[in-house]
Amino acid sequence: MSMEKSSHVILTSHKSEVYKDALPINWGAKDPKERGPVVASISNPLHRNAIGSHSGSYTVYRALSIASGQFPKMHIPDFKNTESTTIIKPQESWTDPDKFVSIDPWGADVNVHFKDYMEKGYDVRPSIAVTQARLQLPEIYEAIKAGRLKPDGKLINEKGDIKVTKVAFEPVWYLPGIAKRLGIDEGNLRKILFSETGGMFPELVTRPDLKVMLPPIGSTTAYIFGNPADLAKPEIELTCRVHDECNGSDVFGSDICTCRPYLMYGIEDAARTAQKGGVGLIAYYRKEGRALGEVTKFLVYNARKRQEGGDSAATYFHRTECVAGVEDARFQELMPDILQWFGIKKIHNIHSMSNMKFDAIVKSGIEIVNRISIPDELIPPDAQVEMEAKKAAGYFTKGEVKSGDALKNIKGREIDEEKR
């Protein structure tokens, strides 16, 4: 197969007069035209005003498709009929640069907000998309069979499928705001990001004029049960689960943790709240293995089960730190931005035992009324280690908190290895 020769590469690692057509970004401006679009596409490098590229961790797959000749390098998307199925109205929080540091509030429907710029040749692409779907979940069918939920022909049809609004978010980081949120110097943040990505983005250290970055990390999806506009109304009951990805449990049902049971319990309660006239929200963040990755997580599983004395709740967090260097890398300080995008001011019921999540949400200005922990009967036997360790570490619970020998005696099953 004949391959088209790559064109001349234009480096953007130093500010130059050649970038005079790049649009300024006035983060926090009330009007999208005044704020300006985030241009991270590469069809015209001279227009770029952000570090990184769209599609997050999928950028490399796009590059492979282009390199193999299967994807036209200069493709410009046709956004006709891609508009949001539900319009999320601009919220007061959108114009507060302290409320939004990790997503672009104007990232949806860019063909509406930035039509004038696109007509002038700027390749503006969305970082948020809104659509509709139906969820088919065995746990929901079981809840209907048990009488905890009932089909109503609107939210839940006669088959037991749940109607939802889905919103996908790609990360868009406003670096000064990220630094301020984390309480560190912006220059230091940029240097460490540059170093820890192997020098992938030289603009981090050579282009201080570029304040926005699209990091090559996973995205977030929000699932809304009921009327999305009600999320911004504090008088309407809101049930919410903020959930961090766990592929092994969420998708495949691995029993070493409580992730899928807690997620399904949250979905059921979110649907029940919506049927009562309230609204439900599941915010699903791609932070596999506490943002340490699945390889690290599996290594920790092995270390836990092979350690002297076996898998014990008393050493649950210690083994993670031994392998990964830190217990948790999720930095929940950035998590509430998704909630702020919907204009949420009050969460009546939150399905989470995590103090890190609770503290981050409350610190962002959102009131939380009730905290809901997972019922004991939904905890798989092998996940008791995780659950009791978290309770002992201070996670929210209304139940007993074990310590000392009682905590040590909470054991997981032995690792299943082939006898040789």
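Scroll up for the structure.
In this text, all values refer to a predicted model and were calculated from it rather than measured experimentally.

Analysis parameters
Residues numbered from 1 in each chain as written. Predicted model: local features only at pLDDT ≥ 70, side-chain atom pairs only at ≥ 80, totals over all residues. Heavy atoms only, no water. Pairing = 2+ DSSP bridges. Helix = DSSP H or I, 4+ residues; strand = E, 2+ residues; numbered from the N terminus. Axes fitted to C-alpha atoms, helices over the stretch in contact; angles between N-to-C directions. Contact = heavy atoms within 4.5 Å. Buried < 20%, exposed > 50% of the residue type's maximum accessible area, 1.4 Å probe, protein only. Right-handed = clockwise from strand over helix to strand, strands pointing away. Polar contact = N/O pair within 3.5 Å; in protein donor to acceptor, adjacent residues only side chain to side chain. Core = buried A, V, L, I, M, F, W, Y, C linked by side-chain atoms within 4.5 Å. Patch = residues over 30% accessible without salt bridge, like charges linked within 9 Å, V, L, I, M, F, W, Y side chains within 5 Å. Areas by Shrake-Rupley, 256 points an atom, 1.4 Å probe, with all protein chains shown as cover. Salt bridge = Lys/Arg side-chain N within 4 Å of Asp/Glu carboxyl O.

Describe the sheet that holds strand S8 (residues 279-285), with residues and values.
Taken in spatial order, the seven strands make up an open sheet running S2-S3-S6-S8-S7-S9-S10, and their pairing is mixed. A single partner strand is all that each edge strand has here, and the edge strands are strand S2 (128-135) and strand S10 (367-372). Across the sheet, the mean angle from the axis of one strand to that of its neighbour is 25°, orientation sign disregarded. The sheet contact formed by strand S7 (residues 238-244) and strand S9 (residues 346-351) spans two bridges and is parallel. Following the sheet pairing, Cys 240 is matched in S9 by Ile 350. Against the sheet, helix H10 (residues 259-275) makes contact with strand S3 (162-169), strand S6 (220-225), S7, S8, S9 and S10, and its axis sits at roughly 155° relative to S8, the strand it touches most.

With reference to specific residues and values, describe the pairing of S6.
When you tally the buried positions in S6, you get five out of six residues, the bulk of the element. As judged from the five bridges shared by S3 and S6, these two strands associate in the antiparallel manner. Counterpart to Ala 168 in the pairing with S6 is Thr 221. Bridge count between S6 and S8: six bridges; the pairing is antiparallel. By the bridge assignment, Tyr 223 is partnered in S8 with Ile 282.

Tell me what's going on with helix H16 (residues 384-392), and back it up with residues and numbers.
Where burial is concerned, most of H16 is hidden: seven out of the nine residues are buried. Of all the residues in H16, the buried ones are Val 385, Glu 386, Met 387, Glu 388, Ala 389, Lys 390 and Lys 391. Taken together, the buried residues of H16 touch helix H12 (294-306), helix H13 (316-324) and helix H17 (404-408). Gly 394 sits one or two positions beyond H16 and adopts a positive phi of about 110°.

How would you explain the sheet that holds strand S1 (residues 51-52) if you had to name every residue and give the values?
Taken in spatial order, the three strands line up as S1-S5-S4 in an open sheet, and their pairing is mixed. Among the strands making up the open sheet, the edge pair consists of S1 and strand S4 (173-174). Taken together, the two bridges between S1 and strand S5 (residues 212-214) define a ladder with parallel strand orientation. The partner of Gly 52 across the bridge, within S5, is Leu 214.

Any chance you could break down the pairing of S9 for me, citing the residues and the numbers?
For S9, the buried fraction is high: five of the six residues fall into the buried class. Traced from S9 through helix H15 (residues 355-363) to S10, the parallel crossover comes out right-handed.

Let's hear about the environment of Arg 48: which residues, and what values?
Here Arg 48 shows up in the loop between helix H1 (32-35) and S1. For Arg 48, a relative accessible area of 12% translates into the label buried. Considered as a pair, Arg 48 and Tyr 122 are 74 residues apart in the sequence and their alpha carbons are 9.1 Å apart. Once you skip the residues sitting within four places of it in the chain, Arg 48 turns out to touch Ala 22, Val 39, Ala 40, Ser 41 and Ile 42. A distance of 3.2 Å separates a polar atom in the side chain of Arg 48 from the backbone oxygen of Ala 50.

Outline the nonpolar core, listing residues and values.
Membership of the largest hydrophobic core comes to 48 residues, with the highest contact counts inside it found for Leu 281, Leu 339, Trp 341, Phe 342 and Ile 347. Not counting residues within four places of it along the chain, the set of residues in contact with Ile 347 comprises Leu 238, Cys 240, Leu 339, Ile 361, Ile 366, Glu 367, Ile 368 and Val 369. Residues Leu 155, Ile 156, Phe 225 and Ala 274 belong to the second largest nonpolar core, which totals 18 residues.

I'd like a rundown of a nonpolar patch on the surface, residues and numbers included.
There is a patch of nonpolar side chains on the surface, built from Tyr 58, Val 60, Tyr 61 and Leu 64 and spanning about 490 Å² of accessible area. With respect to the secondary-structure elements, Leu 64 resides in helix H2 (residues 59-67).

So what about unusual backbone geometry? Which residues, and what values?
Notably, Asn 81 is not glycine yet its phi reads approximately 70°, a positive angle. Mapping Asn 81 onto the fold places it in the loop between H2 and helix H3 (110-113). Even without being glycine, Arg 290 reaches a positive phi, approximately 55°. Among the structural elements, Arg 290 can be located in helix H11 (residues 288-291).

Which residues make up the pattern of salt bridges, and what values go with them?
All told, the structure shown has 27 salt bridges when counted by the stated rule. Residue Asp 116 is joined to Lys 33 by a salt bridge in which the shortest nitrogen-to-oxygen separation is 3.0 Å. Of this pair, Asp 116 sits in helix H4 (residues 115-119) while Lys 33 sits in helix H1; the two residues are 83 residues apart in sequence, bridging distant segments of the chain. Take Asp 116: its relative accessible area is 37%, and that puts it in the partly exposed class. The partner of Asp 255 in a salt bridge is Arg 413, with the nearest N and O atoms 2.9 Å apart. Pair noted here: Asp 255 is in the loop between helix H9 (247-250) and H10 and Arg 413 is in the segment after H17, with a separation of 158 residues, a long-range link. By relative accessible area, Arg 413 is classed as partly exposed at 47%. Salt bridges here are not isolated pairs; linked through shared partners, they connect Asp 255, Arg 304, Lys 305, Asp 311, Asp 382 and Arg 413.

Describe the environment of Glu 367, with residues and values.
Turning to its location among the elements, Glu 367 is positioned in strand S10. C-alpha separation for the pair Glu 367 and Ile 144, spaced 223 residues apart in sequence, amounts to 31 Å. Residue contacts for Glu 367: discarding those within four places in its chain leaves Lys 345, Lys 346 and Ile 347.

Read these as layout, nothing more, since geometry by itself doesn't imply function.
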